[in-house]
Amino acid sequence: MAAKRDRKLTHFDAGGRAHMVDVGAKARTRRVAIASGRIAMSPATFRLVIAGGAKKGDVLGVARIAAIQAAKRTAELIPLAHPIAISRVAVDFVPEAKRSSVKLLARVECRGPTGVEMEALTAAAVGLLTIYDMLKAVERGMTLHDLQLEEKRGGKSGAYRRTKSGMTHKHI
């Protein structure tokens, strides 16, 4: 674990000033990242979402489009993120009836010199926020949880996958 702690933060120069990392010499490889998050709500609101009965319309359909748009616009939102030519964004929802929550999974892919972890995380966050926005007239007490990177592949640092216990494993 010492090697990880000793790694330098790439978004800072030798003088400690923030800068955009030069990825010009990095190999163009297939990059994949999957992020997830969850929004919890009351059982009544959950039933409304699943039944498609929200006043504003198809909550999950709108959230899917918002998540895709967010992935495409990540470089505009995260100051040091590179604009990336994304080749795919997929957004899935997993209803969790026992928890009265909806889990969102965002998968982003590209072929390029830098990863798409930020794009996947941004997609998941904005998708969840959109669900909140669509339902806030019904319930303001909803909570967002567990925004996290689930998996990444490609690039020099190799592969990463989160395990069910929350511990992480590299090189899958």
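What counts as what
- Numbers given to residues run from 1 along each chain, matching the order in which its sequence is written.
- Side-chain atom pairs in this predicted model are given and counted only at pLDDT of 80 or more, local residue features only at pLDDT of at least 70, and totals for whole chains, interfaces and linings cover all residues.
- Note that water and hydrogens are dropped before the side-chain values are worked out from all heavy atoms of the structure.
- For helices the rule is a DSSP run of H or I covering at least 4 residues; for strands it is a run of E covering at least 2, with both sets numbered from the N terminus onward.
- Under the scheme applied here, a residue whose accessible area is under 20% of the maximum for its type counts as buried, over 50% as exposed, and between as partly exposed, the area being computed with a 1.4 Å probe on protein chains only.
- Should any heavy atoms of two residues lie within 4.5 Å, those residues are considered in contact.
- Reported accessibility uses the Shrake-Rupley method at a 1.4 Å probe radius. Residues are deemed covered only where the shown protein chains occlude them.
- Strand pairing is assigned whenever DSSP identifies at least 2 bridges connecting the two strands.
- Residues belong to a common nonpolar core when they are buried Ala, Val, Leu, Ile, Met, Phe, Trp, Tyr or Cys residues joined through side-chain atoms within 4.5 Å.
- By the counting rule applied here, Lys and Arg register as positive and Asp and Glu as negative, while His and the ends of each chain are not counted.
- Take a side-chain nitrogen of Lys or Arg and a carboxyl oxygen of Asp or Glu: if they are within 4 Å of each other, that pair is a salt bridge.
- Two N or O atoms count as a polar contact when they lie within 3.5 Å, although within protein this holds only if one can serve as hydrogen donor and the other as acceptor, and sequence-adjacent residues are included solely when both atoms are side-chain atoms.
- Angles run from 0 to 180 degrees between N-to-C directions of axes, and those axes are lines fitted to C-alpha atoms, restricted for helices to the stretch in contact.
- Note on convention: the crossing is left-handed when the near helix lies turned anticlockwise from the far helix by less than a right angle, right-handed when the turn is clockwise.
- Put simply, Ala, Val, Leu, Ile, Met, Phe, Trp, Tyr, Cys and Pro go in the nonpolar bin, Asp, Glu, Lys and Arg in the charged bin, and everything else, Gly too, in the polar bin.

I tried to follow the overall build of the protein on my own but got confused; where do I start?
From N to C terminus, the protein includes five helices and six strands. Along its sequence from the N terminus, the protein presents helices and strands in the succession α-β-α-α-α-β-β-α-β-β-β. A buried classification covers 37% of the 172 residues belonging to the protein. Across the protein, contacts joining residues at least 24 apart in sequence account for 67% of those joining residues at least 6 apart. Just so you have it, the protein exposes about 10,200 Å², and 57% of that area is on carbon and sulfur atoms.

Looking at this model, I keep getting lost on the pairing of strand E4 (residues 143-153). Mind explaining?
On a regular strand, one side chain projects to one face of the sheet and the next to the other, so that they alternate. One ladder, built from eight bridges, connects strand E1 (residues 29-40) with E4; its direction is antiparallel. For valine 32, the partnering residue across the bridge sits in E4 and is arginine 153. The sheet contact formed by E4 and strand E5 (residues 160-162) spans two bridges and is antiparallel. Paired with glutamate 151 across the strands is arginine 161, a residue of E5. Joining the antiparallel neighbours E4 and E5 is a turn of six residues, in which glycine 154 adopts a positive phi near 100 degrees.

Sorry if this is basic, but what is going on with the nonpolar core here?
Nonpolar side chains tend toward joint burial in soluble globular proteins. Ranked by internal contacts, the top residues of the largest apolar core, which has 31 residues, are Met41, Phe93, Ile131 and Leu135. Among the elements of the structure, E1, helix H2 (43-51), helix H3 (59-72), strand E2 (86-96), strand E3 (101-112) and helix H5 (117-135) are those that each provide at least two residues to this core. In terms of residue count, the dominant contributor to this core is H5 (seven residues). Apart from the residues lying within four places of it in its own chain, the contact partners of isoleucine 131 are Ile39, Met41, Val59, Leu60, Ala63 and Phe93.

How should I be thinking about the side chain of glutamate 139 in this particular structure?
Mapped onto the elements, glutamate 139 comes out in the loop between H5 and E4. The side chain of glutamate 139 sits in the buried core without any salt bridge; arginine 47 is the nearest counter-charge, 9.8 Å away. Within the structure, the side chain of glutamate 139 is placed 2.9 Å from the side chain of serine 42, a separation counted as a polar contact. If we skip the residues at most four places from it in the chain, glutamate 139 touches Met41, Ser42 and Thr45.

Please explain the environment of glycine 57 as it appears in this structure.
Locating glycine 57 in the fold gives a position in the loop between H2 and H3. By relative accessible area, which is 24% here, glycine 57 ends up partly exposed. Sequence spacing of glycine 57 and leucine 135 is 78 residues, and the spatial spacing of their C-alpha atoms is 10.0 Å.

When you look at the packing of H3 against H5 in this model, what are you seeing that I'm missing?
A pair of packed helices can be characterised by two numbers: the angle between their axes and the separation between those axes. Two elements in contact, H3 and H5, have axes separated by 7 Å at closest approach and are oriented at 145 degrees. Taken as a pair, H3 and H5 cross one another with a handedness that is right-handed. Residues Val59, Leu60, Val62, Ala63, Ala66, Ala67, Ala70 and Ala71 of H3 lie in contact with H5, whose contacting residues are Glu119, Thr122, Ala123, Val126, Gly127, Thr130, Ile131, Met134 and Leu135. Counted by class, the contact of H3 with H5 contains 13 nonpolar, three polar and one charged residues.

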